[in-house]
Amino acid sequence: MAKPLIVGRKEFAKIYNVAPTAVSDRWIPDGILSYEDAVIVSGKPFWPGGLAVEFALPPGSRGRQLDEELLAELEKEQQATVRPKKKGELPPLVGLQEYAALFGVSKYVASNTRNRGGGMLPAEDYLLSGSPLWLLSTVLEGAEHTVAQSRGGVWQFQEDVAAALREGRYDGPGSGISKRGKAAVDGA
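Computed from a predicted model, the values in this text were never measured in an experiment.

Participant: Would you mind showing me how to read the overall build of the protein chain here?
Facilitator: Across its full length, the protein chain carries 9 helices and 6 strands. Over its C-alpha atoms the protein chain spans a radius of gyration of 17 Å, differing by no more than 12% from the 16 Å that the globule rule assigns to 188 residues. The principal-axis extents of the C-alpha atoms in the protein chain amount to approximately 60 × 45 × 30 Å. By the burial criterion, 43% of the 188 residues in the protein chain qualify as buried. Considering only intrachain contacts with a sequence separation of at least 6, the fraction spanning at least 24 residues in the protein chain is 70%.

Participant: Honestly, unusual backbone geometry in this entry has me stumped. Any pointers?
Facilitator: One can expect most non-glycine residues to show negative phi and most peptide bonds to be in trans. Residue asparagine 17 is not a glycine yet carries a positive backbone phi of 55°. Note that asparagine 17 resides in the loop between helix H1 (9–15) and helix H2 (20–27). In this structure, serine 129 is a non-glycine residue whose phi angle is positive, near 50°.

Participant: Is there a simple way to explain the environment of phenylalanine 103 in this structure?
Facilitator: Within the secondary structure layout, phenylalanine 103 lies in helix H5 (residues 96–103). With sequence-adjacent residues up to four places away left out, phenylalanine 103 is seen in contact with Val139, Ala143, Thr146, Val147, Val154, Trp155, Gln156, Phe157 and Gln158.

Participant: Is there a simple way to think about the environment of asparagine 17 in this case?
Facilitator: Accessibility expressed as a relative area gives 54% for asparagine 17, which makes it exposed. Sequence separation between asparagine 17 and arginine 64 is 47 residues; the distance between their C-alpha atoms is 8.6 Å. Dropping the residues within four chain positions of it, asparagine 17 is found in contact with Asp67 and Leu70. Side-chain polar atoms of asparagine 17 contact the side chain of aspartate 67, separated by 3.1 Å.

Participant: How should the pairing of strand S6 (residues 131–135) be read in this particular structure?
Facilitator: Strand residues, when the strand is regular, have side chains that alternate between the two faces of the sheet. Summarising burial for S6: 5 of the 5 residues are buried, a large majority. Here S6 shows two buried faces, one formed by Ser131, Leu133 and Leu135 and the other by Pro132 and Trp134. Here 2 bridges tie strand S4 (residues 93–94) to S6, and the two strands are oriented antiparallel to one another. By the bridge assignment, leucine 93 is partnered in S6 with leucine 135. Note that strand S5 (residues 126–128) and S6 share 3 bridges and pair antiparallel. Each bridged residue has a counterpart across the sheet, and for tyrosine 126 the counterpart in S6 is leucine 133.

What counts, and where the lines are drawn
Residues numbered from 1 in each chain as written. Predicted model: local features only at pLDDT ≥ 70, side-chain atom pairs only at ≥ 80, totals over all residues. Heavy atoms only, no water. Helix = DSSP H or I, 4+ residues; strand = E, 2+ residues; numbered from the N terminus. Rg over C-alpha atoms; globule rule 2.2 N^0.38 Å. Buried < 20%, exposed > 50% of the residue type's maximum accessible area, 1.4 Å probe, protein only. Contact = heavy atoms within 4.5 Å. Polar contact = N/O pair within 3.5 Å; in protein donor to acceptor, adjacent residues only side chain to side chain. Pairing = 2+ DSSP bridges.

Now the structure itself:
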């Protein structure tokens with residue numbers, strides 16, 4: 001299976017040699033980049049790698065210049081073999097909030113289980129902008145093992161959540177942008 005290149009805010013900023021805050025504080029509000037082009041996983045936006053590459057201005061012009069070396073490093077790190085251009089070309093992705101919903105546990109239990117290690121959860125497919133992401137296929141392949149390792153049967157697989165993720169209609173925890181900073185405090 002071809003593994004897609006995916007970028008979060010930090011990776012987007014890195015390949016353009018700008019501060020990570022430029023993405024959310026300048027590019028998004030100025031309409032240069034849109035959350036509409038991103039998939040939202042555990043409350044964070046992730047853009048298709050091909051879209052990020054095409055975001056560059058023509059060489060020699062002022063402004064957004066793609067750093068090809070940093071892009072190559074990112075592709076190697078992700079073991080990415082394709083650069084999708086639209087969010088619809090990305091496979092279903094799972095973050096900690098979706099993982100929790102898939103197994104009927106809290107996001108804190110999912111996070112603690114991942115951080116503790118021990119093999120109950122498969123290794124993440126990506127670590128983007130500080131967040132672990134799995135391909136849904138990876139989670140499904142390890143689901144039986146995850147349930148079997150659950151103490152007292154706490155982790156129970158939720159087929160309806162898996163179907164929603166598979167079909168692109170998931171609207172549970174993590175499906176919207178999480179407010180941060182002043183917006184979260186003000187309720188804006």
